[in-house]
Amino acid sequence: MAVPTASEFEAFIVDAGVASDGDFTDDQLNAMIAAAEAEFLRSCGWAWMESTAVTDRAYIITKPISYWVVPQAAILTLTTLKCDDVTLVLDQDFFLRPDNGTFKTAVEFNGFAYGQIKITGTMGAFATYPTSVKNALMAQAGLDMLAKRDGAYGDVSSIKQGPVSFNFASPDAQESMIGAASSWSSLVRREVAYWLSQRP
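This structure is a prediction, so every number in the text was calculated from the model and none was measured.

Cut-offs applied
Residues numbered from 1 in each chain as written. Predicted model: local features only at pLDDT ≥ 70, side-chain atom pairs only at ≥ 80, totals over all residues. Heavy atoms only, no water. Pairing = 2+ DSSP bridges. Helix = DSSP H or I, 4+ residues; strand = E, 2+ residues; numbered from the N terminus. Core = buried A, V, L, I, M, F, W, Y, C linked by side-chain atoms within 4.5 Å. Buried < 20%, exposed > 50% of the residue type's maximum accessible area, 1.4 Å probe, protein only. Salt bridge = Lys/Arg side-chain N within 4 Å of Asp/Glu carboxyl O.

Caption draft 1: Focus on the pairing of strand β2 (residues 75–83). Here β2 pairs with strand β5 (residues 106–123) via 7 bridges, running antiparallel. Its bridge partner being in β5, L78 is matched across the sheet by G121. Examined bridge by bridge, β2 and strand β3 (residues 86–88) share 3 bridges and lie antiparallel to one another. Of the residues in β3, the one forming a bridge with C83 is V86. Linkage of β2 to β3, two consecutive antiparallel strands, is achieved through a turn of 2 residues, within which D84 is found at a positive phi near 50°.

As C-alpha coordinates, then:
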(Lines give C-alpha, C1' and ligand atoms only; values in the text may rest on other atoms or scores of the structure.)
Protein backbone atom coordinates (compact mmCIF):
# COMPACT_ATOMS: atom_id res chain seq x y z
CA MET A 1 0.00 0.00 0.00
CA ALA A 2 1.31 3.43 -0.87
CA VAL A 3 1.92 5.29 2.38
CA PRO A 4 2.93 8.96 2.56
CA THR A 5 6.51 9.55 1.45
CA ALA A 6 9.20 10.95 3.72
CA SER A 7 9.06 14.28 1.87
CA GLU A 8 5.25 14.45 2.17
CA PHE A 9 5.45 13.77 5.90
CA GLU A 10 8.26 16.30 6.39
CA ALA A 11 6.20 18.97 4.59
CA PHE A 12 3.21 18.04 6.77
CA ILE A 13 5.05 18.60 10.07
CA VAL A 14 6.94 21.66 8.79
CA ASP A 15 3.67 23.27 7.62
CA ALA A 16 2.24 22.63 11.11
CA GLY A 17 5.14 24.57 12.62
CA VAL A 18 6.41 21.69 14.78
CA ALA A 19 9.60 20.89 12.86
CA SER A 20 12.06 22.43 10.45
CA ASP A 21 13.41 21.10 7.17
CA GLY A 22 16.22 18.66 7.90
CA ASP A 23 15.27 17.92 11.53
CA PHE A 24 14.89 14.25 10.59
CA THR A 25 16.50 11.93 8.07
CA ASP A 26 14.36 10.12 5.49
CA ASP A 27 14.97 6.88 7.39
CA GLN A 28 13.61 8.44 10.60
CA LEU A 29 10.58 9.87 8.78
CA ASN A 30 9.84 6.53 7.07
CA ALA A 31 10.15 4.70 10.40
CA MET A 32 7.61 7.09 11.97
CA ILE A 33 5.20 6.54 9.08
CA ALA A 34 5.57 2.74 9.29
CA ALA A 35 4.88 2.79 13.04
CA ALA A 36 1.88 5.09 12.51
CA GLU A 37 0.46 2.78 9.82
CA ALA A 38 0.75 -0.25 12.10
CA GLU A 39 -0.97 1.62 14.94
CA PHE A 40 -3.72 2.95 12.67
CA LEU A 41 -4.48 -0.48 11.19
CA ARG A 42 -4.48 -2.03 14.68
CA SER A 43 -6.95 0.64 15.83
CA CYS A 44 -9.24 -0.09 12.88
CA GLY A 45 -8.96 -3.83 13.54
CA TRP A 46 -8.67 -5.06 9.98
CA ALA A 47 -6.31 -5.21 7.02
CA TRP A 48 -6.66 -2.76 4.15
CA MET A 49 -3.95 -3.88 1.84
CA GLU A 50 -5.17 -5.17 -1.47
CA SER A 51 -3.55 -8.33 -2.77
CA THR A 52 -1.68 -7.73 -6.00
CA ALA A 53 -2.57 -11.26 -7.12
CA VAL A 54 -5.49 -13.58 -6.62
CA THR A 55 -5.04 -15.46 -3.36
CA ASP A 56 -6.75 -18.34 -1.56
CA ARG A 57 -7.89 -17.86 2.02
CA ALA A 58 -9.43 -20.65 4.07
CA TYR A 59 -11.50 -20.24 7.23
CA ILE A 60 -13.17 -22.77 9.53
CA ILE A 61 -16.74 -22.14 10.65
CA THR A 62 -17.59 -24.48 13.52
CA LYS A 63 -21.37 -24.02 13.67
CA PRO A 64 -24.07 -23.37 11.06
CA ILE A 65 -24.44 -19.68 10.23
CA SER A 66 -26.36 -17.73 7.62
CA TYR A 67 -24.38 -14.45 7.85
CA TRP A 68 -20.60 -14.45 8.09
CA VAL A 69 -18.27 -11.46 8.48
CA VAL A 70 -14.98 -12.01 6.67
CA PRO A 71 -12.23 -11.67 9.31
CA GLN A 72 -9.83 -8.73 9.01
CA ALA A 73 -10.32 -8.05 5.32
CA ALA A 74 -12.85 -7.20 2.66
CA ILE A 75 -13.45 -9.00 -0.63
CA LEU A 76 -12.50 -6.79 -3.58
CA THR A 77 -12.82 -9.34 -6.37
CA LEU A 78 -14.15 -12.86 -6.07
CA THR A 79 -13.19 -15.78 -8.28
CA THR A 80 -14.74 -18.62 -6.26
CA LEU A 81 -16.18 -19.35 -2.85
CA LYS A 82 -16.25 -22.96 -1.69
CA CYS A 83 -17.78 -24.63 1.33
CA ASP A 84 -16.06 -27.97 2.06
CA ASP A 85 -14.78 -28.09 -1.55
CA VAL A 86 -18.26 -27.47 -3.02
CA THR A 87 -18.27 -24.37 -5.24
CA LEU A 88 -21.13 -22.04 -4.34
CA VAL A 89 -22.83 -19.80 -6.90
CA LEU A 90 -22.86 -16.04 -6.30
CA ASP A 91 -26.34 -14.50 -6.05
CA GLN A 92 -27.85 -17.98 -5.81
CA ASP A 93 -26.14 -19.85 -2.97
CA PHE A 94 -24.73 -16.74 -1.32
CA PHE A 95 -24.67 -12.94 -1.56
CA LEU A 96 -21.87 -10.48 -0.85
CA ARG A 97 -22.71 -7.68 1.59
CA PRO A 98 -23.17 -4.79 1.89
CA ASP A 99 -25.17 -4.39 -1.32
CA ASN A 100 -24.06 -0.84 -1.93
CA GLY A 101 -20.52 -1.03 -0.55
CA THR A 102 -17.40 -0.40 -2.59
CA PHE A 103 -15.90 -3.45 -0.90
CA LYS A 104 -17.63 -6.49 0.58
CA THR A 105 -17.10 -7.37 4.22
CA ALA A 106 -19.60 -10.19 4.70
CA VAL A 107 -21.20 -13.23 3.07
CA GLU A 108 -24.90 -13.99 3.45
CA PHE A 109 -25.69 -17.63 2.69
CA ASN A 110 -28.96 -18.79 1.18
CA GLY A 111 -29.59 -21.11 4.10
CA PHE A 112 -26.79 -22.15 6.45
CA ALA A 113 -23.13 -23.02 5.99
CA TYR A 114 -20.34 -24.43 8.15
CA GLY A 115 -17.05 -26.24 7.74
CA GLN A 116 -14.17 -24.96 5.66
CA ILE A 117 -14.91 -21.79 3.70
CA LYS A 118 -12.35 -21.08 0.99
CA ILE A 119 -12.30 -17.73 -0.79
CA THR A 120 -10.31 -17.19 -3.98
CA GLY A 121 -9.95 -13.55 -4.98
CA THR A 122 -8.30 -10.29 -4.03
CA MET A 123 -8.71 -9.14 -0.46
CA GLY A 124 -8.39 -5.78 1.27
CA ALA A 125 -10.23 -2.51 0.93
CA PHE A 126 -8.26 -0.29 -1.43
CA ALA A 127 -5.38 -0.50 -3.85
CA THR A 128 -4.18 2.84 -2.44
CA TYR A 129 -5.13 4.72 0.70
CA PRO A 130 -7.71 7.49 0.30
CA THR A 131 -6.37 11.01 0.95
CA SER A 132 -8.18 11.19 4.30
CA VAL A 133 -6.38 8.04 5.48
CA LYS A 134 -2.98 9.28 4.27
CA ASN A 135 -3.58 12.49 6.25
CA ALA A 136 -4.54 10.44 9.31
CA LEU A 137 -1.35 8.37 8.96
CA MET A 138 0.75 11.53 8.88
CA ALA A 139 -1.20 12.92 11.84
CA GLN A 140 -0.58 9.70 13.82
CA ALA A 141 3.12 9.84 12.93
CA GLY A 142 3.18 13.50 13.97
CA LEU A 143 1.59 12.68 17.32
CA ASP A 144 4.17 9.95 17.91
CA MET A 145 6.95 12.40 17.00
CA LEU A 146 5.63 15.03 19.42
CA ALA A 147 5.29 12.45 22.21
CA LYS A 148 8.90 11.35 21.75
CA ARG A 149 10.13 14.93 21.78
CA ASP A 150 8.36 15.45 25.14
CA GLY A 151 7.74 19.10 24.45
CA ALA A 152 11.07 19.75 22.77
CA TYR A 153 11.35 21.86 19.64
CA GLY A 154 14.45 21.12 17.58
CA ASP A 155 17.30 20.46 20.03
CA VAL A 156 16.73 19.77 23.73
CA SER A 157 14.50 22.56 25.00
CA SER A 158 12.89 21.17 28.13
CA ILE A 159 13.90 19.47 31.35
CA LYS A 160 11.82 17.57 33.88
CA GLN A 161 12.55 17.56 37.57
CA GLY A 162 10.17 15.41 39.57
CA PRO A 163 6.58 16.30 38.64
CA VAL A 164 7.60 19.72 37.26
CA SER A 165 8.60 20.37 33.63
CA PHE A 166 10.57 23.42 32.56
CA ASN A 167 10.09 24.21 28.86
CA PHE A 168 12.47 26.44 26.97
CA ALA A 169 10.74 26.28 23.60
CA SER A 170 9.47 29.62 22.37
CA PRO A 171 5.82 30.42 23.11
CA ASP A 172 5.08 30.32 19.37
CA ALA A 173 6.64 26.85 19.09
CA GLN A 174 4.72 25.58 22.11
CA GLU A 175 1.49 27.00 20.68
CA SER A 176 2.18 25.27 17.35
CA MET A 177 2.79 21.94 19.09
CA ILE A 178 -0.37 22.20 21.20
CA GLY A 179 -2.47 23.20 18.20
CA ALA A 180 -1.04 20.45 16.00
CA ALA A 181 -1.51 17.78 18.68
CA SER A 182 -5.15 18.75 19.19
CA SER A 183 -5.92 18.92 15.47
CA TRP A 184 -4.10 15.68 14.67
CA SER A 185 -5.73 13.77 17.54
CA SER A 186 -9.18 14.78 16.27
CA LEU A 187 -8.30 13.80 12.71
CA VAL A 188 -7.04 10.34 13.71
CA ARG A 189 -10.02 9.65 16.02
CA ARG A 190 -12.50 10.72 13.32
CA GLU A 191 -10.88 8.56 10.64
CA VAL A 192 -10.58 5.47 12.87
CA ALA A 193 -14.22 5.87 13.96
CA TYR A 194 -15.35 6.13 10.34
CA TRP A 195 -13.53 2.97 9.23
CA LEU A 196 -14.68 1.06 12.30
CA SER A 197 -18.24 2.02 11.30
CA GLN A 198 -17.70 0.46 7.87
CA ARG A 199 -17.35 -2.98 9.39
CA PRO A 200 -20.68 -4.83 9.61
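Caption draft 2: A look at the nonpolar core. In terms of nonpolar packing, the biggest core is built from 33 residues, with F9, I13, V18, F40 and W184 touching the most fellow members. Only α1 (6–15), α2 (26–44), α3 (131–149) and α4 (171–197) provide two or more residues apiece to this core. Ranked by residue count, the leading element in this core is α3, at 9 residues. By size, the runner-up hydrophobic cluster in this structure holds 18 residues, among which are Y59, F109, A113 and I117.

Caption draft 3: Examining the environment of M177 more closely. Within the secondary structure, M177 sits in helix α4. Take M177: its relative accessible area is 9%, and that puts it in the buried class.

Caption draft 4: Layout of the pattern of salt bridges. Under the criterion given, the structure shown has 2 salt bridges. R42 is paired through a salt bridge with E39; the nearest N and O atoms lie 2.8 Å apart. Of this pair, R42 and E39 both sit in helix α2, separated by 3 residues, roughly a single helical turn. Looking at R42, the relative accessible area reads 57%, which means it is exposed. Overall, the relative accessible area of 29% leaves E39 in the partly exposed class. Between E108 and R97 there is a salt bridge, and its shortest N-O distance comes to 2.8 Å. In this pair, E108 sits in strand β5 while R97 sits in strand β4 (residues 94–97), placing the two residues 11 residues apart along the sequence.

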